[in-house]
Amino acid sequence: MARKETITIDMILDTAFAMTREEGFANVTARKVAAKAGCSTQPIFRVYKNMDELWRAVYDKAAVYFRNYCRSFPKTGKKPFFNLGMAYISFAREESRLFELLFVSEGPYKKGMYELLNGPENNVVHEIALAKAAGCAEPGELFTNMWFVIHGAACMTMTGDCDLTDKQTMELLERLYVAFAPVH
């Protein structure tokens, strides 16, 4: 009778993902994952060819986690890019290690910021359409200009150099929108 597998691929991935959230992606090593999962490294390499395959799976899980975070983030802003910007900055505050992995660090499996933001829901495309419908003459340029500041604020939030409240962040986004949204 074959021995029952007690350490599954889901357990390994969940452990590596939890470690990324808590300690950062750089700390996800085979030995550390095995120690956290309560096993040897053998089960890891039974289900993953190598660590790069596990790291890619962690990255992909982080990208899905970000999409779900944005999807479930409370919608409070009325203007284009407000809700997405608030979710992005909030994600940097609440999930700084995942934010760093997805939007700051480099890696061979890294997706572009636009691809992650837009996602299968076409978030950015939708926001650009809203800006155009609101009379913005250059909605793509509006996105670019606003996102320079939003990304900077998120990075400063991630590092602890900026601690804007949600109200202050909404006020910042309002000022950005007014400054950057040329109307016809």
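Up top is the structure.
Residues numbered from 1 in each chain as written. Predicted model: local features only at pLDDT ≥ 70, side-chain atom pairs only at ≥ 80, totals over all residues. Heavy atoms only, no water.

(A) Representation of the packing of helix α5 (residues 82–94) against helix α6 (residues 96–104) within the structure. Between α5 and α6, whose axes approach to 5 Å, the crossing angle comes to 120°. Regarding the angle of α5 to α6, the classification is oblique. Residues Tyr88, Phe91, Ala92, Arg93 and Glu94 of α5 lie in contact with α6, whose contacting residues are Ser96, Leu98, Phe99, Leu102 and Phe103. Split into classes, the residues belonging to the contact of α5 with α6 amount to seven nonpolar, one polar and two charged. (Axes fitted to C-alpha atoms, helices over the stretch in contact; angles between N-to-C directions. Helix = DSSP H or I, 4+ residues; strand = E, 2+ residues; numbered from the N terminus. Parallel < 35°, antiparallel > 145°, perpendicular 65-115°, else oblique. Contact = heavy atoms within 4.5 Å. Nonpolar A, V, L, I, M, F, W, Y, C, P; charged D, E, K, R; others polar.)

(B) Looking closely at the side chain of threonine 15. Among the secondary structure elements, threonine 15 is positioned in helix α1 (residues 9–23). Threonine 15 sits in the buried class, given a relative accessible area of 16%. Within polar-contact distance, the side chain of threonine 15 engages the backbone oxygen of methionine 11 at 2.7 Å. Apart from the residues lying within four places of it in its own chain, the contact partners of threonine 15 are Val33, Lys36 and Ala37. (Buried < 20%, exposed > 50% of the residue type's maximum accessible area, 1.4 Å probe, protein only. Polar contact = N/O pair within 3.5 Å; in protein donor to acceptor, adjacent residues only side chain to side chain.)

(C) Quick peek at the layout of surface pockets. Size it by volume and the largest pocket reaches roughly 280 Å³. Around the largest pocket, the lining is made up of 18 residues, and of these Cys70, Lys75, Asn83, Asn123 and Glu127 lie nearest the centre. Secondary structure elements with two or more residues in the lining of the largest pocket: α4 (51–72), α5 and α8 (123–133). No other element matches α8, which puts four residues into the lining of the largest pocket. (1 Å grid on protein atoms, 1.4 Å probe; cavity = no way out; pocket = protein on both sides within 12 Å on 5 of 7 lines; lining within 4 Å. Points joined across faces, edges and corners; volume = space filled by probe spheres on them.)

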